[in-house]
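So you can see what is in the structure, the chains are spelled out below.
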Amino acid sequence: MTVIKVALLGFGTVGEGLYESINSHQQQLQALLGAEVHIAGVLIQDSEKQRRLAEDVLVTTNFDAILNIPDLQVVFEAIVGEDPSYEYLSKAIERGCDIITANKVMFAKHGEELLRKAREYNVSIGYEATVAGGVPVIRTIAQLLQVNRVEKIQAILNGTSNFILTEMRKNELPFETVLKSAQDLGYAEADPSNDVEGFDAFYKLMILSNLLFGKQPDWHEVKVEGISEISNHQIQSAHQKNERYKHIAEIKKDGDQIIASVGPALTNEDHPLYNIEGVDNAIVIKASLAGTIAIQGPGAGSYPTASAMIEDFAHIFQNKKAAYALT
């Protein structure tokens, strides 16, 4: 059977979930692609840490060793932060590898450059996992944009913040208590500021801006607020009036101007994001022909993110398979 060789960059929460998911879904992938998916290498940061990896997997701290894997075809990237992810993915593209990333900070800043380079080297980029975990928003919007014009998006793009607001309301608990619970459950990092101060949702919104409009607004002009200042008293007062605080990212175009914002907002039962609870993300898309479309799904956790990356992988190779069949 044909073998597709892949490498993983990073073996934290997402990387480990991806490794386990590829192995546990090997039968489905083989049936779909007609090929075995072999994880040939994993790039790690701490060589002393124990990991559950097969003996035939190259485990290394040296990225050049990953690039030198013979017949390497795909690089999955799940490293936190902008650097050295951008450098690694640029080199992988130049090596002729397709790349699939979950790195929203890096892709918000360098996505357009990487997409241009991918076109130059005739490789593909999957970035579904950068925006909303297991929610297929990138592919949905890309499909819509063939004919429709997307006029506006409102979204809950951070599962951690949504979980915290939900638990504060349902259980009448203070922010700090629920944040600790989110960290214990693996929904929030040890340093949760990206999530609770709105930056994570902002980066995702900028990725959507590039997809929707081919450009981003000036980052300094986008109002970004988190949820850390919302008190339990505010949440319970709103609850008594059948209102709920939701952390909403919004973007639209007014003439040539892109208007974007991220922050908490009060919603009532008529708002399409009112019933989005827990770690779920949701995106409400207003399109010129299709009207209003809403999609929802889990936005926090290793497996929803791994799912998005594997779906990107399958999509890339299904397209290649179809292209080969036409030649």
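For the structure given in this document, a descriptive report is provided here. In every chain, residue numbers begin from 1 and rise along the written sequence. pLDDT decides what is reported in this predicted model: residues at 70 or higher carry local features, side-chain atom pairs at 80 or more are listed and counted, and totals for whole chains, interfaces and linings draw on all residues regardless. Only hydrogens and water are removed before side-chain values are computed, so all heavy atoms of the structure are retained for them.

Describing the sheet that holds strand 6 (residues 125-126)
1) Next: Spatial ordering of the open sheet is given by 3-2-1-4-5-6, a layout of 6 strands whose pairing is parallel. Of all the strands in the sheet, the pair left with one neighbour each is strand 3 (58-60) and strand 6.
2) Next: Any two strands with at least two DSSP-identified bridges between them are counted as paired. We count a stretch as a helix when DSSP gives it H or I for four or more residues in a row; a strand needs E for two or more, and each element gets its number in order from the N terminus. Of the pairings in the sheet, the one linking strand 1 (residues 2-9) to strand 4 (residues 72-77) comprises 5 bridges and is parallel in character. By the bridge assignment for strand 4, Leu8 is matched with Phe76.

Looking at the environment of Tyr274
1) Next: Position of Tyr274 among the secondary structure elements: in the loop between strand 10 (257-267) and strand 11 (280-287).
2) Next: Between the C-alpha atom of Tyr274 and that of Glu243, which follows or precedes it by 31 residues, the distance is 8.1 Å.
3) Next: Throughout, a contact is declared for two residues whenever any of their heavy atoms are within 4.5 Å. The residues contacting Tyr274, other than those within four sequence positions of it, are Asn242, Glu243, Arg244, Lys246, Thr267, Asn268 and Glu269.
4) Next: For the purposes of these results, a polar contact is taken to be a pair of N or O atoms within 3.5 Å, where, inside protein, one atom must be able to donate a hydrogen and its partner to accept one; residues adjacent in sequence count only when each atom of the pair is a side-chain atom. Polar side-chain contacts of Tyr274 include one of 3.2 Å to the backbone oxygen of Asn242.

Things to note about the nonpolar core
1) Next: Counting 58 residues, the largest nonpolar core has Leu9, Ile125, Val137, Ile153, Leu157 and Ile283 as the members making the most contacts within it.
2) Next: Sorting elements by how many residues they give to this core places helix 10 (residues 199-213) first, with 10 residues.
3) Next: Apart from residues lying up to four places away in sequence, Ile283 is in contact with Ala132, Val135, Val137, Ile153, Gln154, Ala155, Leu157, Ile293, Ala294 and Ile295.
4) Next: With 28 residues, the next largest nonpolar core counts Leu18, Ile39, Val57 and Phe313 among its residues. Nonpolar core, defined: a set of buried Ala, Val, Leu, Ile, Met, Phe, Trp, Tyr and Cys residues in which side-chain atoms within 4.5 Å join the residues together. Exposure is judged per residue with a 1.4 Å probe applied to protein chains only, and the accessible area is read against the type maximum: over 50% gives exposed, under 20% gives buried, and values in between give partly exposed.

Re the pattern of salt bridges
1) Next: By convention in these notes, a salt bridge is any Lys or Arg side-chain nitrogen within 4 Å of a carboxyl oxygen on Asp or Glu. The full count for this structure, using the stated rule, is 15 salt bridges.
2) Next: With its nearest N and O atoms 2.9 Å apart, the salt bridge here joins Lys109 to Glu82. With Lys109 in helix 5 (residues 104-121) and Glu82 in the loop between strand 4 and helix 4 (85-94), this pair connects stretches of sequence that are 27 residues apart.
3) Next: Among the ionic pairs, Arg244 bridges to Glu277, the shortest N-O distance being 3.7 Å. Of this pair, Arg244 sits in strand 9 (residues 244-254) while Glu277 sits in the loop between strand 10 and strand 11, placing them 33 residues apart in sequence.
4) Next: Glu277 gets classed as buried once you look at its relative accessible area, which sits at 18%.
5) Next: Residues joined in a network through salt bridges with shared partners are Arg169, Arg244, Lys246 and Glu277.

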